[in-house]
Each structure stands twice: as structure tokens, then as C-alpha cells.
Amino acid sequence: MTMDRKKIDIEDKFQRVCAKVDLDAILHNVERMREGLQEGTHMIAVIKTDGYGHGSIPIANCLDPLDFLFGFAVATPEEAYVLRAHGVKKPILVLGYTFPYANERMAAEEIRPTIFNLDGSELRELAEAGKTQGKPVKVHIKVDTGMGRIGVMPDDEGLAFVQKVMEYTTDGWLEIEGMFTHFARADERDQTNVRKQLALFTDFVARVKADLGLDIPLCHCANSAATMELPEANMDAVRAGISLYGLHPSEEVPGEETYLRPALSLSSHIVHVKTIHEGQSVSYGGTFTAVEDMRVATIPVGYGDGYPRSLSGGKGYVLIRGHRAPILGRVCMDQFMVDVSHIPGVTRGEPVTLIGEDGDERITAEMLGELSGRFNYELVCDLGKRVPRVFYRGGELVAFQDIDGYHTILD
Ligand SMILES: *Cc1c(COP(=O)(O)O)cnc(C)c1O
């Protein structure tokens, strides 16, 4: 009973704006991705930027027990610490460069750094951190096969680097667990480029084995797009990010319509409804002026929540009572207005869908990305701290994350 009470309070409290995250959808997407994997290929769930804005903690807790999941990938050590603090057991890889201040704690919490610095200056410090903590630091070597971002080149120089890393492993405080590369253009229909990168990487893996006698346990290269489109790139593990959330890597990799299930919806409630008359303007700059009587509803969400300001001036719309209500004038930091003249009986307090389904209508992150001139990845990542996330599993509200942090409900 107290639990029900608590849930009602939460739903009440988050009426202004709320991102509902369906953990079952994420499990469904992971399962669908797994079905396409070759025997023996593991998955690394990419949950950087707080799980692409969805909330990394409940997602990691939900996926942690899955056998075929090798572990998780994040972008910074701090993102990894949060997961450890919430009981995540599996390996966590930091995909980007780690500044040396983090070595000690990474070693203590068994968080894997990505290494690629040719001068090898980090290697000694990492090995020392491992020694201090009494367990080897497991590293992943990054190879640049065409992304041009970070990584050693898959040539003699790269080989010399791997050899240098091997020297540091002999004391047992550093261990080469993985090697990986990242595709720049796996989300394009034309796969020439991704195949070229894959060939460079597999050749380099083979050279490391032939020339240095090193068989690296976990070689990985595929992101979501390559996991879906190029099974040859499976290798020991795939790194699935955007697909976990039911979003598509690009228009050119749509998957089947029903293949992935979007996990996040975004809703609000109308706080004001009024009639305006010919000549009256709406919002900053007076960019919209009524030419006839119209009904206008105010939504208490704005670009301060990560709702794109570029949806201003009728570019975007929301769903009310299963109808589209276009945005009038500019989106403000905390509010915006929509036209509800064509939707009979709209009143204050009614629910509004910003992302998600209402009746036969649906607004996806992809559609919002397109309308706002942005990108679905960016759109969900940018949903602000001020937007509470509530997490559902088996239809039950199990946890939420608001400006005060993460809270579970079941205990
Ligand atoms: C973000 C990222 C991924 C995940 O990419 P998706 O397109 O979201 O699947 C994989 N690998 C690296 C190195 C990344 O930075």
C-alpha cells in the first residue's frame, strides 16, 4: 500500500515533464540484437552519456545478469564509478582517453582504460596503480582504422606500441584484455568504407598474433549499425549503443519497422489554455501573430529541458488527445505554446506527448531530430537534468532519477 501511494506521488510530482523509460523495451532490443550475433560473440552495452540520456544505472542493473553480455562501455571514468556505486559487477570499459588522475581508482574498481598513446607514458603509471591495488589493470588498445579520432595506426608503429604494452604485462600488473577500432561510416548503405576498415583491423589483429605471438582475448569493432548490417564484423564482441534504446543509427539503417522498440517517451501536461484574437502575438520576438481567433495551450517545457528551440515557428508539434498541435512562435527556456484550435475541448491539466504515441499518432526521436535539424542521438542525450526519468519494468514503476539523483522504489 505504501508503495502504491509512493508511485502516485511520483507520477503527480513529475507532471510538468517526465521521460518514461521502458526497461522491457531495452531488454527486448538487446535480445533482438543478440539473435543476429554469431555463436560466441558477446555484447558490450554502450551506456555513455547516462545511457544516451535514458539513465545508465537502471539499464546497467537490468542487463548486468545477462550471460552473453561482456560488460559495459562509457566515455569517462566518472560514468563508470556511478555504475560501480550502484552495484554493477561486469567489466566496464572507458572508450575515450583517461587522464592519469583516474588511474588509481580505475584500478581499484576494475574499470578498463583505453590506451593508444604512442609514447607509452601511461603504461608505467597504470601498471603501478595495478600493483598498488594488488590486481592487474586490464587495458583495451585502440586502433585507428579510419575514424581519425583516437588510436594507434594499424601499421609498424601500432605494432611497436602493442609490443611496448606487452613489456609492461610481464610483471603481471597490466593485462591486455582487448583491442578495438571504431567505424566512421557503418550507418551508410554503401559498405565499401566499413569493409575497408574491418579488413585493416582484422589484418592488424592477425599481425599481432603472427609477429608478436599475442592472441588478444577480446577484439571488437562493431557499433549498432555494423552489428545490424555486417555480421562479419561481429568478432569477439559488438558494442551496441543506440540500438539498445530502440533508436536507429541512421535513416539508411532503418532495420525493420518493428525490429527495435523505442524505450523512451516524453510527456508533459498543459498548464494554461486561452483564446487569442486577430493581431495578438505569441512568445519572444512576436514571430507568430494570430490572423483569427484561436485557442492556445501552454506547455511547461523548454530548451532548458533539452527540448530543441529549433522546433520554434511551427517546425515541431506535440500530441494532445491524439491530434497534432503545432508550436506557435518561439520555444522559450521553460515553456512553449501550441495551437489547439482544431482540437475540441482541450483544458488545463491534460496530458501532452512530446515523444511517444497518442492514439494513431506517434512522434519518434528520429522525427524530432529531423524537424529540429538535429540528430536522434543528440536529442536524447540532450534531455536535461531537469527532466526526471521514471523507469518501468513489467509495467511497474521500479525507479526514478530526478535532480536529486537515482532512487529505487522496490525497497
Ligand atoms: C558511442 C560508441 C559506440 C556505440 O555506437 P552506436 O552507434 O550508438 O551503437 C561504439 N563504440 C564507440 C567507440 C563509441 O564511441
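In what follows, the accompanying structure is described.

Conventions used here
Residues numbered from 1 in each chain as written. Predicted model: local features only at pLDDT ≥ 70, side-chain atom pairs only at ≥ 80, totals over all residues. Heavy atoms only, no water. Helix = DSSP H or I, 4+ residues; strand = E, 2+ residues; numbered from the N terminus. Near = heavy atom within 4 Å. Polar contact = N/O pair within 3.5 Å; in protein donor to acceptor, adjacent residues only side chain to side chain. Areas by Shrake-Rupley, 256 points an atom, 1.4 Å probe, with all protein chains shown as cover. Nonpolar A, V, L, I, M, F, W, Y, C, P; charged D, E, K, R; others polar. Contact = heavy atoms within 4.5 Å. Buried < 20%, exposed > 50% of the residue type's maximum accessible area, 1.4 Å probe, protein only. Pairing = 2+ DSSP bridges. Right-handed = clockwise from strand over helix to strand, strands pointing away. Patch = residues over 30% accessible without salt bridge, like charges linked within 9 Å, V, L, I, M, F, W, Y side chains within 5 Å. Salt bridge = Lys/Arg side-chain N within 4 Å of Asp/Glu carboxyl O. Lys, Arg positive; Asp, Glu negative; His and termini not counted. Charge placed at Lys NZ, Arg CZ, Asp CG, Glu CD. Phe/Tyr/Trp six-rings, centres within 6.5 Å; stacked < 30°, edge-to-face > 60°. Lys NZ or Arg CZ within 6 Å of the ring centre and 35° of its normal.

What about unusual backbone geometry?
Okay, step 1: Here Thr49, not a glycine, exhibits a phi torsion of approximately 45°, which is positive.
Okay, step 2: Among the secondary structure elements, Thr49 is positioned in helix α3 (residues 48-52).

Some thoughts on the site of the ligand
Okay, step 1: Surrounding the ligand, one finds Val46, Lys48, Tyr52, Leu95, Arg149, His182, Asn223, Ser224, Arg239, Gly241, Ile242 and Tyr377.
Okay, step 2: In this structure, an oxygen atom belonging to the ligand sits 2.5 Å away from a side-chain N or O atom of Tyr52.
Okay, step 3: In the model, an oxygen atom of the ligand is placed 2.6 Å from a nitrogen or oxygen of the Tyr377 side chain.
Okay, step 4: About the coverage of the ligand: the protein hides 92% of its 390 Å² of free accessible area.
Okay, step 5: Residue classes in the shell around the ligand are distributed as five nonpolar, four polar and three charged.

Brief notes about the side chain of Gln197
Okay, step 1: Assignment of secondary structure puts Gln197 in helix α9 (residues 192-212).
Okay, step 2: Each residue touching Gln197, except ones within four places of it in the same chain, is listed here: Thr145, Gly146, Met147, His182, Phe183, Ala184 and Arg185.

Comments concerning the pairing of strand β18 (residues 336-339)
Okay, step 1: Going residue by residue along β18, you find Phe336 and Val338 tucked away on one face and Met337 and Asp339 tucked away on the opposite face as well.
Okay, step 2: Sheet topology note: the strand β15 (residues 294-299)/β18 ladder contains four bridges and is antiparallel. Directly across from Thr298, in β18, lies its bridge partner Met337.
Okay, step 3: In terms of strand pairing, strand β17 (residues 323-328) meets β18 through two bridges, oriented antiparallel. Residue pairing across strands places Leu328 opposite Met337, the latter belonging to β18.

A short note on the pairing of strand β8 (residues 174-180)
Okay, step 1: Extensive coverage of β8 is indicated by the burial of six of its seven residues.
Okay, step 2: Taken together, the six bridges between strand β7 (residues 137-142) and β8 define a ladder with parallel strand orientation. Paired with Ile141 across the strands is Met179, a residue of β8.
Okay, step 3: The β-α-β motif built from β7, the intervening helix α8 (residues 156-169) and the parallel element β8 has right-handed crossover chirality.
Okay, step 4: The pairing of β8 with strand β9 (residues 218-222) spans three bridges and is classified as parallel. Among the inter-strand pairings, Gly178 is bridged to a residue of β9, identified as Leu218.

Focus: a negative patch on the surface
Okay, step 1: On the surface, a cluster of negative charge is contributed by Asp190, Glu251, Glu252 and Glu370.
Okay, step 2: Looking at where Glu251 falls in the secondary structure, it is placed in the loop between β10 (237-240) and β11 (264-269).

Thoughts on the packing of aromatic side chains
Okay, step 1: Per the stated rule, a full pass over the model turns up eight aromatic pairs.
Okay, step 2: Ring geometry for Phe375 and Tyr377: centres 4.6 Å apart, planes at 15°, overall stacked.
Okay, step 3: You can call Phe375 partly exposed: its relative accessible area is 40%.
Okay, step 4: Here Tyr377 falls in the partly exposed class, since its relative accessible area comes to 24%.
Okay, step 5: Connected via pairs of aromatic rings, a cluster forms that spans Tyr52, Tyr245, Phe375 and Tyr377.
Okay, step 6: Sitting over the face of the ring of Tyr392, Lys20 holds its NZ or CZ atom 4.5 Å from the ring centroid.
Okay, step 7: A cation over an aromatic ring shows up here: Arg34 above the ring of Phe68, its NZ or CZ 5.5 Å from the ring centre.

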